[in-house]
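Observations on the three-dimensional arrangement
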Amino acid sequence: MTWWHAVIILVAGVWAGTINTVVGSGTLVTFPVLVALGYPPVTATTSNAIGLAPGTVSGAIGYRHELVGYWPQVARFGVASFLGAIGGTILLLSLPKDAFETVVPILVGLAVVLVIIQPRVSKWVAKRREANGTEHKPGPLLMFLLFLIGIYGGYFTAAQGVMMMAVMGMLLSEPLQRLNGTKNALAAVVNIVAGLIYAFTAPISWPVVGLLAVGSTIGGQLGAKIGRKLSPTVLRGVIVVVGIAAVVQLLVK
């Protein structure tokens, strides 16, 4: 790894950690960067899962005030995410490498679409919080959907946060900031579980993991503290541009 590759990966990690905490989908920055630098898609995915895990933990800690008194419920949600993440890693490790490389442009494209519609999801959730006087408590449907999102997150990770916000917004009555904090905590569960499994069973680039871990940890704190002041439109714009470029690159390979 050259020094300028290291700088690019570190900066991508900081940016991804910030985006993951504020919007989600930081993988759509780091994944195409790693592929562009010559890393195979599977190695890029597994290294991402491990390297970005500290950033999701950092972001969850940054939202700890929004989750005061809600941690027991987050822990229950975390069980679904935990089991789903295991299922996603089993899929990635069991399916042929060619299958993943074939489907990954579709997954990146799906993640880009989710990022594009994310503002509508957030507005809908906020409007529902204000207009709906009925308290919606967690039920089996929410746990099942979080389990499915955990499978997706364990397999690819990109835009899992947007999916979590959508389903929790539909099925819970909690304030938006609490939902965002919950999203960060559940994403941390998925990334940690997937990362631990990949660390022992999958191809990993440990220098990449180290750089992403440092960068995403810094980015997680930036996202929690000052990221709310950044323009979500700018953040999403960067994600969409990078994501589309990644789809094009993957399709022409």
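Every chain is numbered on its own, with residues counted from 1 as its sequence reads. Confidence filtering applies because this is a predicted model: local features only for residues at pLDDT of at least 70, side-chain atom pairs given and counted only at 80 or more, and all residues used for totals across whole chains, interfaces and linings. Side-chain numbers come from the whole structure's heavy atoms, not from hydrogens or water.

We now examine the overall build of the protein chain. Each helix is a run of DSSP H or I of at least 4 residues and each strand a run of E of at least 2, with the numbering of both proceeding from the N terminus. In terms of helices and strands, the protein chain carries 11 helices and 0 strands. Counted from the first residue to the last, the protein chain has its helices and strands arranged as α-α-α-α-α-α-α-α-α-α-α. The burial tally for the protein chain puts 54% of its 253 residues in the buried class. Whether two residues are in contact is decided by their heavy atoms, any of which lying within 4.5 Å being enough. Taking all contacts inside the protein chain whose residues are at least 6 apart in sequence as the whole, residues at least 24 apart take part in 85%. The rule is simple: take the accessible area with a 1.4 Å probe, protein chains only, and divide by the maximum for that residue type; under 20% is buried, over 50% is exposed, in between is partly exposed.

Here we take up a nonpolar patch on the surface. Only residues above 30% relative accessible area that lack a salt bridge enter a patch, with like-charged residues linked at up to 9 Å and the nonpolar side chains Val, Leu, Ile, Met, Phe, Trp and Tyr linked at up to 5 Å. Working definition of accessibility: Shrake-Rupley area with a 1.4 Å probe, residue cover restricted to the visible protein chains. What makes a salt bridge here is a side-chain nitrogen of Lys or Arg within 4 Å of a carboxyl oxygen of Asp or Glu, nothing more. A surface patch of nonpolar side chains, amounting to about 540 Å² of accessible area, comprises Trp3, Trp4, Val7, Ile8 and Val11. Looking at the secondary structure, you find Trp3 in helix α1 (residues 3–22).

Our next topic: the packing of helix α3 (residues 41–51) against helix α10 (residues 206–225). To obtain each axis, a line is fitted to C-alpha atoms, and for helices this fit is confined to the stretch in contact; angles are then taken between N-to-C directions over 0 to 180 degrees. Axis separation between α3 and α10 bottoms out at 8 Å; the angle between their running directions is 40 degrees. Between α3 and α10, the angle falls in the class oblique. For the element pair α3 and α10, the recorded crossing hand is right-handed. Contacts between α3 and α10 involve Ser47, Asn48, Ile50 and Gly51 on the former and, on the latter, Trp206, Val208, Val209, Leu212, Ala213 and Ser216. Roughly parallel means an angle under 35 degrees; roughly antiparallel, over 145; roughly perpendicular, 65 to 115; everything else is oblique. Helix crossings get a hand from a simple test, with the near helix turned counterclockwise from the far one by less than a right angle marking a left-handed crossing and a clockwise turn marking a right-handed one.

Here we come to the nonpolar core. Here, the term nonpolar core denotes a set of buried Ala, Val, Leu, Ile, Met, Phe, Trp, Tyr and Cys residues that are joined through side-chain atoms within 4.5 Å. By size, the foremost hydrophobic cluster in this structure holds 56 residues, and its most contacted members are Ile9, Leu146, Phe156, Met168 and Tyr198. Discounting residues that sit within four places of it in the chain, Tyr198 has contacts with Thr46, Ala49, Ile50, Gly88, Thr89, Leu92, Leu93, Gly154, Tyr155 and Ile204.

You can see Gln177 is positioned in helix α9 (residues 176–201). Taking the C-alpha atoms as reference points, Gln177 and Leu67, 110 residues apart in sequence, are found 8.9 Å from one another.

Counting buried residues along α3, 11 of its 11 residues qualify, which places the element largely inside the surrounding structure. Of all the positions in α3, only Pro41, Val42, Thr43, Ala44, Thr45, Thr46, Ser47, Asn48, Ala49, Ile50 and Gly51 are classed as buried.

Let us look at the packing of α1 against helix α2 (residues 27–36). The contact between α1 and α2 brings their axes to 8 Å, and the two run at 160 degrees. As the angle between them shows, α1 and α2 are arranged roughly antiparallel. In the packing of α1 onto α2, the handedness of the crossing is left-handed. On the side of α1, the interface is formed by Ile8, Ile9, Ala12, Gly13, Trp15, Ala16, Ile19 and Asn20, while α2 contributes Thr27, Val29, Thr30, Val33 and Leu34. In this count, Pro and Cys sit with the nonpolar residues alongside Ala, Val, Leu, Ile, Met, Phe, Trp and Tyr, while Asp, Glu, Lys and Arg are called charged and the others, Gly among them, polar. The residue makeup of the contact of α1 with α2, split by class, is 9 nonpolar, 4 polar and no charged.

Moving on: the packing of aromatic side chains. Only the six-membered ring of Trp is used, alongside the rings of Phe and Tyr, when aromatic pairs are assigned; centres must lie within 6.5 Å, and planes under 30 degrees apart are stacked while those over 60 apart are edge-to-face, with the rest tilted. Under the counting rule described, the total for this entry stands at 1 aromatic pair. Judged by centre distance (5.5 Å) and plane angle (80 degrees), the ring pair of Phe31 and Phe156 falls under edge-to-face. Remark: Phe156 occurs in the loop between α7 (140–155) and α8 (160–171) and Phe31 occurs in helix α2; sequence separation between them is 125 residues. Assessed through its relative accessible area of 1%, Phe31 is described here as buried. Judged by relative accessible area, which is 1%, Phe156 ranks as buried.

On to the environment of Met164, then. On the secondary structure map, Met164 appears in helix α8. Between the alpha carbons of Met164 and Gly150 there is a distance of 9.3 Å; along the sequence they are 14 residues apart.

Before going further, it helps to examine the side chain of Gln160. In this fold, Gln160 is placed in helix α8. Each polar contact in these results corresponds to two N or O atoms within 3.5 Å; when the atoms are within protein, one needs to be able to donate a hydrogen and the other to accept it, and residues that are neighboring in sequence are counted only if both atoms are side-chain atoms. One polar contact links Gln160 to Asn191, side chain to side chain, over a distance of 3.3 Å. When near neighbours in sequence (up to four residues on either side) are disregarded, Gln160 contacts Ile149, Tyr152, Gly153, Ala187, Val190 and Asn191.

Moving on, we come to the environment of Val79. Position of Val79 relative to the elements: it lies in helix α5 (residues 71–94). Sequence-wise, Val79 and Leu146 are 67 residues apart; in three dimensions their C-alpha atoms are separated by 9.3 Å.

In this structure, Thr43 sits in helix α3. The exposure class of Thr43 is buried, given its relative accessible area of 12%. Sequence-distant contacts of Thr43, defined by excluding residues within four places in its chain, comprise Pro203, Ile204 and Ser205.

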